[in-house]
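Descriptive analysis of the structure
One letter stands for each residue in the lines below.
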Amino acid sequence: EPEVTQTPSHQVTQMGQEVILRCVPISNHLYFYWYRQILGQKVEFLVSFYNNEISEKSEIFDDQFSVERPDGSNFTLKIRSTKLEDSAMYFCASREGQERGYTFGSGTRLTVV
Amino acid sequence: RKEVEQDPGPFNVPEGATVAFNCTYSNSASQSFFWYRQDCRKEPKLLMSVYSSGNEDGRFTAQLNRASQYISLLIRDSKLSDSATYLCVVNIVGAGSYQLTFGKGTKLSVIP
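Counting starts from 1 at the beginning of each chain's written sequence and moves along it residue by residue. Chains and ligands are labelled by the order in which they are written, letters from A for the one and numbers from 1 for the other. The predicted nature of this model means local features are confined to residues of pLDDT at least 70 and side-chain atom pairs, given and counted, to a pLDDT of 80 or more, with totals for whole chains, interfaces and linings taken over all residues. By convention in this description, side-chain values take in all heavy atoms of the structure and omit both hydrogens and water.

1. Describing the state of the cysteines
Any cysteine sulfur atom paired with another within 2.5 Å is treated as part of a disulfide. Inspection of every chain in the model, using the stated rule, returns 2 disulfides over all chains. Paired by a disulfide, Cys23 of chain A and Cys92 of chain A hold their sulfur atoms 2.0 Å apart. Here the disulfide of Cys23 of chain A and Cys92 of chain A is left-handed, its torsion about the S-S bond being about -65 degrees. One end of the pair, Cys23 of chain A, is in strand β3 (residues 19-24); the other, Cys92 of chain A, is in strand β9 (residues 88-95), with 69 residues separating them in the sequence. On the accessibility criterion, Cys23 of chain A (0% relative accessible area) is buried. Disulfide partner of Cys23 of chain B: Cys88 of chain B, at an S-S distance of 2.0 Å. The S-S bond linking Cys23 of chain B to Cys88 of chain B shows a torsion near -75 degrees; that makes this disulfide left-handed. You can see Cys23 of chain B sitting in strand β3 (residues 19-25) and its partner Cys88 of chain B sitting in strand β9 (residues 84-91), a full 65 residues away along the chain. Under the DSSP-based scheme used, a helix requires at least four consecutive residues in state H or I and a strand at least two consecutive residues in state E, with every element numbered from the N terminus. Note on classification: 1.4 Å probe, protein chains only; a residue is buried when its accessible area is under 20% of the maximum for its type, exposed when over 50%, partly exposed between these limits.

What follows is the structure, encoded as structure tokens:
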């Protein structure tokens, strides 16, 4: 079964450092997403990406965040200057089309110290 | 006001029991409805979509009441492997991006 792949599975970084979280969506999917889940909290939408541009973003997705699809396979989330409160599980997801369900990756656990 | 609200749980039930989860959503423009399950420190996985007519998949039955903005999930004959957190999820109409809004989830523990 096709899957969304995320790397790394766990990243520890110092406050103020930049991190890049990587995702390889399913190859024929057109819509890409990042969600995050702070420990013990609900899953929250960050950003959606379609046709090489952001289609929607939440209030969480401020100027410290950016997304990119540098080639035909990778989809990255960059956090420029991490804060302690950025510690969370970050999930990438992709979707084939308008009426199709999401497939989530297994997540990257980001710990900011 | 919470957009998607669920029973806080946790629910601890014996094997073979029937358990029901409830969920309410605040945005009447919500279009699509789902139940996901999430194992500890894992990604959410789609359990089933929820339709107005109600739908069943084996031991799982989902119901939607649009007038009451209420969604339910019934699990019959609980198995140990059903232990997980069950997430009520709705698609809030946005700018066509089909973002999902999650409830906080209800934790289920099925006990031998």
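2. As for the interface of chain A and chain B
What makes two residues a contact is simply this: any of their non-hydrogen atoms within 4.5 Å. Facing the 22 residues of chain A at the interface are 16 residues of chain B. Here, a salt bridge means any Lys or Arg side-chain nitrogen found within 4 Å of an Asp or Glu carboxyl oxygen. Put simply, chain A and chain B have 0 salt bridges between them. A 3.5 Å cut-off defines polar contacts: any pair of N or O atoms within that distance qualifies, except that in protein one atom must be a possible hydrogen donor and the other a possible acceptor, and neighbouring residues in sequence count only when both atoms are side-chain atoms. Where chain A packs against chain B, one counts 3 residue pairs in polar contact (both at pLDDT 80 or more). Residue assignment for the side of chain A that touches chain B shows that the elements contributing at least two residues are β4 (31-37), β5 (43-50), β6 (53-57), β9 and β10 (102-104) of chain A. Under the grouping applied here, Gly and all other residues not named as nonpolar or charged are polar, the nonpolar ones being Ala, Val, Leu, Ile, Met, Phe, Trp, Tyr, Cys and Pro and the charged ones Asp, Glu, Lys and Arg. In terms of residue class, the side of chain A that touches chain B is made up of 9 nonpolar, 8 polar and 5 charged.

3. Some details on the nonpolar core
Counting 24 residues, the largest nonpolar core has Phe21, Trp35, Ile71, Leu73, Ile75, Tyr86 and Leu108 of chain B as its most contacted members. Mapped onto this core, the elements with two or more residues apiece are β3, β4 (32-38), β5 (44-50), β7 (60-65), β8 (70-75), β9 and β11 (106-111) of chain B. Sequence-distant contacts of Tyr86 of chain B, defined by excluding residues within four places in its chain, comprise Gln6, Phe21, Trp35, Tyr36, Arg37, Leu47, Leu73, Ile75, Gly105, Thr106 and Leu108 of chain B. By size, the runner-up hydrophobic cluster in this structure holds 21 residues, among which are Val4, Phe32, Val47 and Leu110 of chain A. By nonpolar core we mean a set of buried residues, namely Ala, Val, Leu, Ile, Met, Phe, Trp, Tyr and Cys, connected to one another through side-chain atoms within 4.5 Å.

4. Here we look at the packing of aromatic side chains
Aromatic pairs are defined between Phe, Tyr and Trp rings, using the six-membered ring for Trp, whenever the two ring centres lie within 6.5 Å; interplanar angles under 30 degrees are classed as stacked, those over 60 as edge-to-face, and all others as tilted. Throughout the structure, instances matching the rule amount to 21 aromatic pairs over all chains. Where Tyr35 of chain A meets Tyr102 of chain A, the ring centres are 5.9 Å apart and the plane angle is 70 degrees; that geometry is what we call edge-to-face. A residue pair is termed long-range when its members are at least 10 positions apart, and Tyr35 of chain A in strand β4 and Tyr102 of chain A in strand β10 qualify at 67 residues. Here Tyr35 of chain A and Tyr102 of chain A have matching classes, each one buried. By the ring-pair criterion, three or more aromatic residues cluster together here, those being Tyr33, Tyr35, Phe45, Phe91, Tyr102 and Phe104 of chain A together with Phe34, Tyr36 and Phe102 of chain B. Here, over-ring charges are defined by two tests on the NZ atom of lysine or the CZ atom of arginine: distance to the ring centre within 6 Å, and angle to the ring normal within 35 degrees. The side chain of Arg95 of chain A reaches across the aromatic face of Tyr31 of chain A, ending 4.4 Å from its centre.

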